[in-house]
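Results of the structural survey
Given next are the chains, with one letter for each unit.
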Amino acid sequence: PNASGSAAADPLDGILKRDAFIAQLEAGFATALEREAEASYQAALKTLNAQYLAALDRSRETARVAGDAEEMAALDLERKSVLSAQVPDVDAAGRPSIMPLRATYLATLAKAQTARQQTILGLYLKYENAVAEHEKGLARSNKISEALDAKKWRENISAARAALETSPRSPDSQQPAAPQS
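Here goes a summary of the coordinates provided.

**Section: the overall build of the protein**
Of regular secondary structure, the protein possesses 5 helices and 0 strands. Walking the protein from its N terminus toward its C terminus, one meets helices and strands in the order α-α-α-α-α. Here the protein, with 181 residues, has 33% of them falling under the buried criterion. Across the protein, contacts joining residues at least 24 apart in sequence account for 68% of those joining residues at least 6 apart. For the protein, the computed accessible surface area is about 10,400 Å², with 57% contributed by carbon and sulfur atoms.

See the structure below:
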């Protein structure tokens, strides 16, 4: 399938095979996404989860000292949930003592997602600009067909960037929409 999701003939099909420079840019973009956006986001998420688990453990110890078995059970359930990679939901039913911890978790998560999204948008912009320069170079060299292919590819990148700009951040959206051939 191509970037539009259809398997039908598409102007983007084969561009990566026909244009080695765009293929190289695509590979570089994918590498940069992983290195600059995903790796730092995953590191922030790992730190956030560790901090959240530590806060749950401290709250559990307080509940243990107070002899509050229900609170301990609720905190254990929350801990199990986080360990199974479920993002806490501030709107979910829970003990009042857990709600501020969830709110803090979600606020910090939103900051990490915003940083990740801004990094990805910056990478898209660099990628788009590099393809635009390539397109101009092809046109200057009188390689009209290739320049038009590059233009189509650039427009696809621009559309993917625009879609990301308007999409809400969510823990479930781990992968950005990257141009595909």
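**Quick notes on the packing of helix H2 (residues 20-66) against helix H3 (residues 69-83)**
In contact at an axis separation of 9 Å, H2 and H3 are set at 165° when each is read in the N-to-C sense. Our classification of the angle between H2 and H3 gives roughly antiparallel. With respect to the hand of their crossing, H2 and H3 are arranged in left-handed fashion. Judged by residue contacts, Asn49, Tyr52, Leu53, Leu56, Asp57, Ser59, Arg60, Ala63 and Arg64 of H2 engage Glu71, Met72, Leu75, Asp76, Glu78, Arg79, Val82 and Leu83 from H3.

**Some remarks on the packing of aromatic side chains**
Summed over the entire model, instances satisfying the criterion amount to 3 aromatic pairs. Between phenylalanine 29 and tyrosine 127, the aromatic rings sit 4.7 Å apart at their centres with planes inclined by 20°, giving stacked as the arrangement. Taken together, the residues span a long stretch of sequence, with phenylalanine 29 in helix H2 and tyrosine 127 in helix H4 (residues 99-140) at a distance of 98 residues. With a relative accessible area of 5%, phenylalanine 29 lands in the buried category. By relative accessible area, tyrosine 127 is classed as buried at 4%. An aromatic cluster is built from Phe29, Tyr124 and Tyr127, whose rings are joined through pairwise contacts.

**Details of the environment of aspartate 13**
Position of aspartate 13 relative to the elements: it lies in the segment before helix H1 (15-18). Separated by 136 residues in sequence, aspartate 13 and aspartate 149 have C-alpha atoms that sit 9.8 Å apart.

**Section: the pattern of salt bridges**
Within this structure, the stated rule accounts for 12 salt bridges. In this structure, the salt-bridge partner of glutamate 165 is arginine 161, at a minimum N-O distance of 3.4 Å. Linking glutamate 165 with arginine 161, this pair stays in helix H5 (residues 144-166), spanning 4 residues, or about one helical turn. Several salt bridges converge on common partners, so that one network encompasses Glu128, Arg161 and Glu165.

**Some remarks on the nonpolar core**
In this structure, Tyr124, Tyr127, Val131 and Trp153 are the most contacted members of the largest nonpolar core, which totals 21 residues. Elements with a minimum of two residues in this core: H2, H4 and H5. With sequence-adjacent residues up to four places away left out, valine 131 is seen in contact with Ile22, Leu25, Ala150, Trp153, Arg154 and Ile157.

**What about the packing of H4 against H5?**
Where H4 meets H5, the closest approach of the two axes is 9 Å, and the angle between their N-to-C directions is 165°. Judged by the inter-axis angle, H4 sits roughly antiparallel to H5. Our pair here, H4 against H5, has a crossing hand that is left-handed. Taken together, the residues of the contact of H4 with H5 break down into 15 nonpolar, 3 polar and 7 charged.

Calculation criteria
- Residues numbered from 1 in each chain as written.
- Predicted model: local features only at pLDDT ≥ 70, side-chain atom pairs only at ≥ 80, totals over all residues.
- Heavy atoms only, no water.
- Helix = DSSP H or I, 4+ residues; strand = E, 2+ residues; numbered from the N terminus.
- Buried < 20%, exposed > 50% of the residue type's maximum accessible area, 1.4 Å probe, protein only.
- Contact = heavy atoms within 4.5 Å.
- Areas by Shrake-Rupley, 256 points an atom, 1.4 Å probe, with all protein chains shown as cover.
- Axes fitted to C-alpha atoms, helices over the stretch in contact; angles between N-to-C directions.
- Parallel < 35°, antiparallel > 145°, perpendicular 65-115°, else oblique.
- Left-handed = near helix turned anticlockwise from the far one by under 90°.
- Phe/Tyr/Trp six-rings, centres within 6.5 Å; stacked < 30°, edge-to-face > 60°.
- Salt bridge = Lys/Arg side-chain N within 4 Å of Asp/Glu carboxyl O.
- Core = buried A, V, L, I, M, F, W, Y, C linked by side-chain atoms within 4.5 Å.
- Nonpolar A, V, L, I, M, F, W, Y, C, P; charged D, E, K, R; others polar.

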